[in-house]
Amino acid sequence: MTNQQKSVSRRRFLDSITTAALAVPFLGTSAISLASPKNKLKHACIGVGGMGWHDLQNFKQHPNVQIVALCDVDAKNLQKAAELFPDARTYSDWRELLKKEDDIIDSVNVTVPDHNHFVIAYQAIQNGKHVYCQKPLCHDVAEVRKLTEASIKVGVITQLGTHHASGKGDRSAVQIIKDGVIGKIKHAYLCSNRPAAIETYRLPGPRPPKGQEVPPHLNWDLWTGTAPMRPYAPKIYHPAIWRAWQDFGTGWSGDIGCHIFDAVWKGLGLQAPTSVVAKVQESWQKSSERNGDTWPQGDHITWMFPGNEFTESDVLPVEWFDGEFYPPWEIQALFHGKPYPAESAILIGTEGALLIPHREMPVLLPENKYMDYEMPKLDDRNHYHHFVDACLGSEKTESHFAQSGPMTEAILLGTVAIRLPGTVLEWDPANMLFPNHPEANKYLQRKYRKGWSVAGF
C-alpha cells in the first residue's frame, strides 16, 4: 500500500469514528490514539501562573516529560517558570509558541482564563498536538462542541483538568453506581458551598468606572484575547478573580461543577439534558449593572436528563446548589451526626444513597446498612501522569474530551439558564438550540473580538 493510500484509508477511518462518536448522544467513549512511541514527551506549558504553576509541577514530576517551552502573558509568571526550566524556550504569545515549536513539541497544557481555552486548544489540536486543558473545557457551549469534534477527528490524546477524577474516591463512586449498589437512581443533588469562595472568587461588581495603567509585566491585550477589550483594573481580573466576570469566566458552577459532576456523569452514563432552569441570588437578579457583567454569588440549577438503565424512571432530575443555595435539609440529614460536606454530590437510589464528598472516598447511606460493603480496591492515579502515559502509548485518559465534552456542555447550559432565571429552557442537542426560547440561543456562542476569529467564531 502506498503512503497516499494509507493516508486516504486512515482519513476514512477517522471520519467514520468521528461521525459515530459525535452522534447525539455522544457515543464515542474512547479516544483514538495518535500516541507517540517515543520515550520522552516534549511538552509546552501555556499558562504557568496560579493553577498553571500547579500543572507545571505535576508535569515536571513525570520522568518521561521534557518541558521544552513555556508561555505566559505575565512576565513575572514566565520568569519564575523559566528559573525552574532554564533550557526551555519562553513566549508571551501562545500563537508564536505553536508556530515556532510545531516541529518540536508533542503536547501542551492550556491553563489560562476560560475565555481563551478554545482558541489555544483548537489550534494545538489542528497542529496534531495532544492537549491537557483546564476546566471548564471552554467558555461557551458552541466552543465545547467544536473542540470535542476536532479532538475526535484529529485523534489526539486529550484530558480535561478534573484531576480528582483519577483519584480512587471518584473512580470508586463510578463503580458503585454502575454496580447498582444503591439500586436505581431517583434524584441527584450536587453542591459547592465553600465558605471562603464568596469573598475570594465571587465579586459582586460592578466594574470600576475607570481603569488604571497596565503594569509593565502584563500584556493586557493578549490576556483579554477573544473577549471584548476593557480597561485594566488591579485585583479584580488578573490573576484569579476573572472567574467572577461573564466575559472571562463561567462562574462557580462552570468551574467547580466539572469536579462535582464528573463521577455522577460517568457512573450514570448521562446524555444531553432535555431542559434546564435556574434560580439566582435575588440582589444580583435585580441589579442590571451586576447581572449584565458578573456571575451571581449563588445559584440553584436544575437539569432534567433522559433516564436509562441506571435510573428509576425515564427522567432524572439533577440539581446544583452553590453560594447561598443549599441542598434540602432532608437530604443533608441522611448523613447522620456529621456536617454535610460543603462540596459533594449525593445520589438517591431505590435501595439507599451514595454521598460523594469532593476529594474524599464515597459514603454509602444509611451507613449501618452498608457497613459490611467492601469498597472497590482502586489506587490513586495522578491525572497529569495518566495523560502523559496515554500520549506515550498506554490506555485512554480518564477525562478525554469525547467523555468530558458532553458533560461540560450540560454544565454550561446551566450558565445560560443563570442569565435567564426562572425560565425553563428546553434543549435540542442535535441542532444545538433552545426551541422554546430563541432569545437564549445568543448565550451559546460569543462574538470574538476583532482579530481573534478562529474556526467560525
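Along each chain, the written sequence defines residue order, and numbers are assigned to residues from 1. Per-residue local features are limited, in this predicted model, to residues with pLDDT of at least 70; the limit for side-chain atom pairs, both in listing and counting, is 80 or more; totals at the level of whole chains, interfaces and linings are taken over all residues. Where side-chain values are given, they derive from all heavy atoms of the structure, hydrogens and water being excluded.

Student: Even after reading the chapter, I still don't get the overall build of the chain, so can you show me in this structure?
Tutor: Only DSSP runs of H or I covering at least 4 residues are called helices, and only runs of E covering at least 2 are called strands; the numbering of each starts at the N terminus. Counting its secondary structure elements, the chain contains 15 helices and 14 strands. To get the radius of gyration, use the C-alpha atoms; to get the globule rule, take the number of residues to the power 0.38 and multiply by 2.2 Å. Relative to the 2.2 N^0.38 estimate, which gives 23 Å for 457 residues, the radius of gyration of the chain is 22 Å and therefore close to what a compact globule would have. With the principal axes as the frame, the chain shows a C-alpha extent of 65 × 60 × 45 Å. Relative accessibility decides the category of a residue: with a 1.4 Å probe and only protein chains considered, values under 20% of the type maximum give buried, values over 50% give exposed, and everything between is partly exposed. Residues counted as buried form 57% of the 457 residues belonging to the chain. Two residues form a contact once any of their heavy atoms are found within 4.5 Å. Contacts spanning at least 24 positions in sequence make up 72% of the contacts within the chain whose residues lie at least 6 apart. For every accessible area listed, the method is Shrake-Rupley and the probe measures 1.4 Å; residues are considered covered only by the protein chains on display. Carbon and sulfur atoms form 51% of the exposed surface of the chain, whose accessible area is close to 19,300 Å². One finds the centroid of the 47 positive side-chain charges in the chain at a distance of 6 Å from the centroid of its 50 negative side-chain charges. In this tally, Asp and Glu contribute negative charge and Lys and Arg positive charge; neither His nor the terminal groups of the chain are included. Note that the charge is assigned to NZ on lysines, CZ on arginines, CG on aspartates and CD on glutamates.

Student: Help me out: how do you make sense of unusual backbone geometry in this one?
Tutor: Backbone geometry follows two general trends: most residues other than glycine have a negative phi, and most peptide bonds adopt the trans configuration. Here Lys 135 and Pro 136 are connected by a cis peptide whose omega angle stands at -10°. Following Gly 205, the chain continues into Pro 206 via a peptide bond in cis, with omega recorded as 0°. Here Pro 206 shows up in the loop between helix H8 (195–201) and helix H9 (220–224). Phi at Arg 359 is positive, roughly 75°, even though this residue is not glycine. As for its placement among the helices and strands, Arg 359 is situated in the loop between strand S12 (353–357) and strand S13 (363–365). Accessibility expressed as a relative area gives 56% for Arg 359, which makes it exposed.

Student: Can you walk me through the sheet that holds strand S14 (residues 425–426) in this structure?
Tutor: Paired through backbone hydrogen bonds, the strands of a sheet run either parallel or antiparallel to each other. Paired strands are those between which DSSP finds at least two bridges. Strand order in the open sheet made by the 8 strands is S13-S12-S11-S7-S10-S9-S8-S14, with mixed pairing throughout. Strands with a single pairing partner mark the edges of an open sheet, and in this sheet they are S13 and S14. By the bridge criterion, 2 bridges tie strand S8 (residues 275–280) to S14 in an arrangement that is antiparallel. Bridge pairing in S14 links Val 276 to Leu 425. To get an axis, fit a line to the C-alpha atoms, keeping to the stretch in contact for a helix; angles then go from 0 to 180 degrees between the N-to-C directions. Relative to S12, helix H7 (residues 168–178) is tilted by about 165°, and along the sheet it contacts strand S11 (343–349), S12 and S13.

Student: Sorry, what's going on with the state of the cysteines here?
Tutor: Linking two cysteines covalently through their sulfur atoms gives a disulfide. In this description, a disulfide is simply a cysteine sulfur pair whose atoms lie within 2.5 Å. A complete count under the given rule lists 0 disulfides for this structure. The cysteine Cys 258 is free of any disulfide, with Cys 133 supplying the nearest cysteine sulfur at 10 Å. Residue Cys 258 is classed as buried on the basis of its relative accessible area, which comes to 0%. The thiol of Cys 391 is not disulfide-bonded; the next cysteine sulfur, from Cys 45, is found 13 Å away. Taking relative accessible area as the criterion, Cys 391 reaches 0% and is therefore assigned buried.

Student: Mind showing me how you'd approach the layout of surface pockets here?
Tutor: Any space left empty among the atoms is revealed by the rolling of a water-sized probe across them. The definitions used throughout rest on a 1 Å grid laid over the protein atoms alone, on which a cavity is an enclosed set of points accommodating a 1.4 Å probe that cannot get out and a pocket is an open set flanked by protein within 12 Å on both sides along at least five of seven lines; lining residues are those having an atom within 4 Å of a point. Grid points are joined across faces, edges and corners, and a volume is the space filled by probe spheres set on the points. Estimates place the volume of the largest pocket at around 820 Å³. Lining the largest pocket are 42 residues; nearest its centre among them are Gly 49, Gly 50, Met 51, Trp 242 and Arg 243. Where the lining of the largest pocket is concerned, the elements lending two or more residues are helix H2 (51–60), helix H5 (117–126), H9 and helix H10 (251–268). Classifying every residue of the lining of the largest pocket by side-chain character gives 18 nonpolar, 16 polar and 8 charged. The residue classification treats Ala, Val, Leu, Ile, Met, Phe, Trp, Tyr, Cys and Pro as nonpolar and Asp, Glu, Lys and Arg as charged. All others, Gly included, are polar.

Student: Would you explain the confidence of the model for the chain in this entry?
Tutor: As a note on interpretation, predicted positions should not be read in detail where pLDDT is low. Across the chain, each position has a pLDDT score giving the predictor's confidence in that residue, from 0 to 100. The predicted model of the chain has a mean per-residue pLDDT of 91, with 91% of residues at 70 or higher. Scored below 50 in pLDDT, residues 1–35 makes 50 contacts in the model with residues more than four places away or belonging to other chains.

Student: For this particular structure, what's the right way to read the nonpolar core?
Tutor: Take the buried residues of types Ala, Val, Leu, Ile, Met, Phe, Trp, Tyr and Cys, join any two whose side-chain atoms come within 4.5 Å, and each joined set is a nonpolar core. With 103 residues, the main nonpolar core has Leu 97, Val 108, Phe 118, Val 131, Leu 147, Phe 261 and Phe 305 as its most contacted residues. Within the second largest apolar cluster, 20 residues are counted, among which are Leu 70, Ala 81, Ala 88 and Tyr 132.

Student: Would you take a moment to explain the environment of His 238 for this structure?
Tutor: Position of His 238 among the secondary structure elements: in the loop between H9 and H10. When near neighbours in sequence (up to four residues on either side) are disregarded, His 238 contacts Asp 74, Asn 77, Leu 218 and Trp 223. Here a polar contact means two N or O atoms within 3.5 Å. Within protein one must be a hydrogen donor candidate and the other an acceptor candidate, and residues neighboring in sequence count only if both atoms are side-chain atoms. In this structure the side chain of His 238 is engaged in a polar contact, spanning 2.7 Å, whose partner is the side chain of Asp 74. Reaching out from His 238, the side chain makes a polar contact with the side chain of Trp 223 at a distance of 3.3 Å.

Student: So what exactly am I meant to see when it comes to the packing of H7 against H10 here?
Tutor: Between two packed helices, both the angle of their axes relative to each other and the distance between the axes serve to describe the pair. Interaxial distance between H7 and H10 falls to 8 Å at its minimum, and their mutual angle equals 30°. Our pair here, H7 against H10, has a crossing hand that is right-handed. Contact with H7, carried on its side by Asp 170, Ala 173, Val 174, Ile 177 and Lys 178, involves His 259, Ala 263, Val 264, Lys 266, Gly 267 and Leu 268 of H10 and no other residues of that element. A class-by-class count of the residues in the contact of H7 with H10 yields 6 nonpolar, 2 polar and 3 charged. Here a crossing is called left-handed whenever its near helix is offset anticlockwise from the far helix by less than a right angle, and right-handed whenever the offset is clockwise.

Student: Please clarify how the pairing of strand S4 (residues 107–110) should be interpreted in this entry.
Tutor: Here S4 shows no split at all, with Ser 107 and Asn 109 on one side and Val 108 and Val 110 on the other all buried. One ladder, built from 4 bridges, connects strand S1 (residues 41–46) with S4; its direction is parallel. By the bridge assignment, His 43 is partnered in S4 with Ser 107. Of the pairings in the sheet, the one linking S4 to strand S5 (residues 130–133) comprises 4 bridges and is parallel in character. Each bridged residue has a counterpart across the sheet, and for Ser 107 the counterpart in S5 is His 130.

Student: Looking at this structure, I do not really get the pattern of salt bridges. What am I missing?
Tutor: Any two side chains of opposite charge can pair if their charged atoms end up close together. Basic side-chain nitrogens of Lys or Arg form a salt bridge, by our definition, when they fall within 4 Å of a carboxyl oxygen of Asp or Glu. Throughout the structure, instances matching the rule amount to 24 salt bridges. Between Asp 140 and Arg 446 there is a salt bridge, with its nearest N and O atoms 2.8 Å apart. You can see Asp 140 sitting in the loop between S5 and helix H6 (141–154) and its partner Arg 446 sitting in the segment after S14, a full 306 residues away along the chain. The shortest N-O distance in the salt bridge between Arg 230 and Asp 293 comes to 3.2 Å. Taken together, the residues span a long stretch of sequence, with Arg 230 in the loop between H9 and H10 and Asp 293 in the loop between helix H12 (288–291) and strand S9 (299–306) at a distance of 63 residues.

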